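In case you want the letters, here they are:
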Number of protein chains: 2
Amino acid sequence: MTPTPQTLTAERILEATEEVLRRHGPAKATVVDVARALGVSHGSVYRHFRTKAALREAVTKRWLDRTSDSLSGIVAEDRDPEARLRAWFSALFAAKRRKAGDDPELFATYMVLTEENGEAVGEHIAELISQLRRIVRAGVDAGTFTADDPSATARALFHASRRFHDPRYAVEWEQPGTEADFDAVVDLLLRGLRA
Amino acid sequence: MTPTPQTLTAERILEATEEVLRRHGPAKATVVDVARALGVSHGSVYRHFRTKAALREAVTKRWLDRTSDSLSGIVAEDRDPEARLRAWFSALFAAKRRKAGDDPELFATYMVLTEENGEAVGEHIAELISQLRRIVRAGVDAGTFTADDPSATARALFHASRRFHDPRYAVEWEQPGTEADFDAVVDLLLRGLRA
């Protein structure tokens, strides 16, 4: 009954950690639970993540990165910046709604983890704003957007759309009229950007 | 030692209720505390507010109305709609920051009360959006704003500025850069409105 030997990677530990968090909740999940789920000693887990806090931070970062990674493809697309920006906002809102709606327990768990890991959240927001800045710059270069300070404009776009991606509003995302409100905000912002 | 007789009005009860809430916190404040603070029987209080819940709702509404009442003067001003809208956003943000910063205990108390009184909050938001709609319409009438659907635009202006008036963000309002972020959002929104 020797288990198939498989290299214990950080990624495998993070996958198992997410599953343990989903099952036990953020208050009860321990490193021992993660080790048990992987069939390894807790020492093997600690060789990759030196503390429980480091493991929790890494799994939070991985969860946040999944969203920003999925958006980076839109930023890199070779089509007109206005369409790219619209697609980016829609994809961000859709990704957040999916996370909140498809697996509410896991979402609630990550809400606790993001409270604990302000630095990971800060880096995630900085990455999203940096993606917005790249699209704004592309629009300015193409002559279709006006923005004296693309960094400030990117921050403004981020803040003005928070109602539609900040998890604090998750319970309101499925209310009637939300889709129309989202469209009205994006339309107004795009009008504001136009050269 | 007969106290000066003074008519027991709803307004006097609400003032006393706010003071009792500030002192005891929302979990402990009772109608008996309010009656004691006024030197009347709790029956006299119940003649104005039939339940403790009704009293708590009325005091929440009064607190919210203080903000919207202070903004209604700006809506009625006879100056150009763009300046009016800018002044309205600034006054709203300033009023909320004052409420959160000047009396944190009372603010925390009202955060609990607004959670309980979703209907009062809904009416407050509807009133703010209605004020925005009046300014948007004035701009369309003056030919300085473009808005196909002033109601939808008013909702968009409300949602796009939530970072700067939704109490959920109160702890972030005093962070460095907030003022610049606020200006960038308002500038972008006003550009989006221009005819």
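Residues numbered from 1 in each chain as written. Chains lettered and ligands numbered in written order. Predicted model: local features only at pLDDT ≥ 70, side-chain atom pairs only at ≥ 80, totals over all residues. Heavy atoms only, no water.

As annotated in an unreviewed UniProt entry, chain A is TetR family transcriptional regulator from Streptomyces bluensis.

**Student:** Looking at this structure, how should I read the environment of F93(A)?
**Tutor:** Inspection of the secondary structure assignment puts F93(A) in helix α5 (residues 81–102). Taking C-alpha positions, F93(A) is 9.9 Å from E179(A), a pair spaced 86 residues apart along the chain. (Helix = DSSP H or I, 4+ residues; strand = E, 2+ residues; numbered from the N terminus.)

**Student:** How do you make sense of the environment of A27(A) when you look at a structure like this?
**Tutor:** Residues and elements named next belong to chain A. With respect to the helices and strands, the residue A27 is situated in the loop between α1 (10–24) and α2 (31–38). Of the residues examined, A27 reaches a relative accessible area of 76% and is grouped as exposed. Along the backbone, A27 and E57 are 30 residues apart, and their C-alpha atoms lie at a distance of 14 Å. (Buried < 20%, exposed > 50% of the residue type's maximum accessible area, 1.4 Å probe, protein only.)

**Student:** How do you make sense of the side chain of H165(A) when you look at a structure like this?
**Tutor:** All names here are of chain A. Residue placement: H165 occurs in the loop between α8 (150–160) and α9 (178–193). Under the relative-accessibility criterion, H165 is labelled buried at 5%. In terms of polar contacts, H165 uses its side chain to reach the side chain of S161, at 2.9 Å. Look past the residues within four positions of H165 in its chain and what remains in contact with it is L92, K96, F158 and W173. (Polar contact = N/O pair within 3.5 Å; in protein donor to acceptor, adjacent residues only side chain to side chain. Contact = heavy atoms within 4.5 Å.)

**Student:** Looking at this structure, how should I read the packing of helix α4 (residues 52–76) of chain A against α5(A)?
**Tutor:** Two packed helices can be described by the angle between their axes and the distance between those axes. All names here are of chain A. For the pair α4 and α5, interaxial distance at closest approach is 9 Å and the crossing angle is 155°. By the angle between their axes, α4 is roughly antiparallel relative to α5. Of the two elements, α4 crosses α5, and the hand of that crossing is right-handed. Here W63, L64, T67, L71, I74 and V75 of α4 come into contact with α5, specifically with R84, A87, W88, A91, L92, A95, K96 and K99. Along the lines of polarity and charge, the residues of the contact of α4 with α5 split into 10 nonpolar, 1 polar and 3 charged. (Axes fitted to C-alpha atoms, helices over the stretch in contact; angles between N-to-C directions. Parallel < 35°, antiparallel > 145°, perpendicular 65-115°, else oblique. Left-handed = near helix turned anticlockwise from the far one by under 90°. Nonpolar A, V, L, I, M, F, W, Y, C, P; charged D, E, K, R; others polar.)

**Student:** Looking at this structure, I do not really get the interface of chain B and chain A. What am I missing?
**Tutor:** Put simply, an interface is often sized by how much accessible area is lost when its parts join up. Each side of the interface is counted separately: chain B has 23 residues, and chain A has 23 residues. Summed over both partners, the interface of chain B with chain A comes to about 2,100 Å²; 55% of that surface belongs to carbon and sulfur atoms. Counting across the interface, chain B meets chain A through 6 salt bridges. Viewed at the interface, chain A and chain B are joined by 14 residue pairs in polar contact (both at pLDDT 80 or more). Those elements that provide at least two residues to the side of chain B that touches chain A are α8 (150–160) and α9 (178–193) of chain B. Counting residues per element, the side of chain B that touches chain A draws most heavily on α9(B), which supplies 8 residues. (Buried area = accessible area lost by both parts, 1.4 Å probe. Salt bridge = Lys/Arg side-chain N within 4 Å of Asp/Glu carboxyl O.)

**Student:** Any chance you could explain the relation of the copies chain B and chain A here in plain terms?
**Tutor:** Two copies of one chain are present, and they are related through a rotation about an axis combined with an axial shift. For the match of chain B to chain A, the screw axis carries a shift of 0.0 Å, the RMSD comes to 0.0 Å, and the turn is 180°. Classification of the inter-copy transformation places it as that of a two-fold axis. Within chain B, the C-alpha atom positioned nearest to the axis of rotation is that of G192(B), 1.7 Å from it. Both copies contact each other with a shared surface, as 100% of the interface residues of chain B are interface residues in chain A too. (Least-squares fit on C-alpha atoms with pLDDT ≥ 70 in both.)

**Student:** What should I look at first to understand the UniProt feature "domain: HTH tetR-type" (unreviewed entry) in chain A in this one?
**Tutor:** In the numbering used here, UniProt assigns the "domain: HTH tetR-type" (unreviewed entry) feature to residues 7–67 of chain A. What you have in residues 7–67 of chain A is 75% helix and 0% strand, and the ends, taken at the C-alpha atoms, are 27 Å apart. (UniProt positions renumbered as here; feature names shortened; annotations may be inferred.)

**Student:** How should I be thinking about the UniProt feature "DNA-binding region" (unreviewed entry) in chain A in this particular structure?
**Tutor:** The positions UniProt marks with the feature "DNA-binding region" (unreviewed entry) are residues 30–49 of chain A. Taken end to end, residues 30–49 of chain A has its terminal C-alpha atoms 13 Å apart, with 75% of it in helix and 0% in strand.

**Student:** Help me understand the packing of aromatic side chains, please; the structure alone is not making it clear to me.
**Tutor:** Aromatic ring pairs are described here by two measures, namely the spacing of the ring centres and the angle between the planes. If you walk through the whole model with that rule in mind, you get 15 aromatic pairs over all chains. With 5.0 Å between their ring centres and 35° between their planes, F93(A) and F182(A) make a pair best called tilted. In this pair, F93(A) sits in helix α5 while F182(A) sits in helix α9, placing the two residues 89 residues apart along the sequence. According to the relative accessible area criterion, F182(A) is buried, its value standing at 6%. When the centroid spacing of 5.5 Å and the interplanar angle of 75° are considered together, the rings of F164(A) and F182(A) count as edge-to-face. Residue F164(A) is located in the loop between α8 and α9, and its partner F182(A) is located in helix α9; the two are separated by 18 residues in the primary sequence. Accessibility classification places F164(A) together with F182(A) in one group, the buried group. Taken together, the ring pairs connect F93(A), F164(A), W173(A) and F182(A) into an aromatic cluster. If you follow K99(B) out to its NZ or CZ, it ends over the ring of W63(B), 3.9 Å from the centre. (Phe/Tyr/Trp six-rings, centres within 6.5 Å; stacked < 30°, edge-to-face > 60°. Lys NZ or Arg CZ within 6 Å of the ring centre and 35° of its normal.)

**Student:** In this structure, what is going on with the domain arrangement of chain A? I would like to understand it.
**Tutor:** All names here are of chain A. Each assigned domain of chain A is listed with its residue range as follows: domain 1 (10–48) and domain 2 (55–193). A straight line from the C-alpha centre of domain 1 to that of domain 2 covers 30 Å. At the interface, 14 residues of domain 1 touch 13 residues of domain 2. Looking at the side of domain 1 facing domain 2, the largest losses of area belong to L14, E18 and P26, adding up to 50% of the total buried there. The residue E18 makes a salt bridge to R66 at a minimum N-O spacing of 2.6 Å. (Domains from an automatic or database assignment.)

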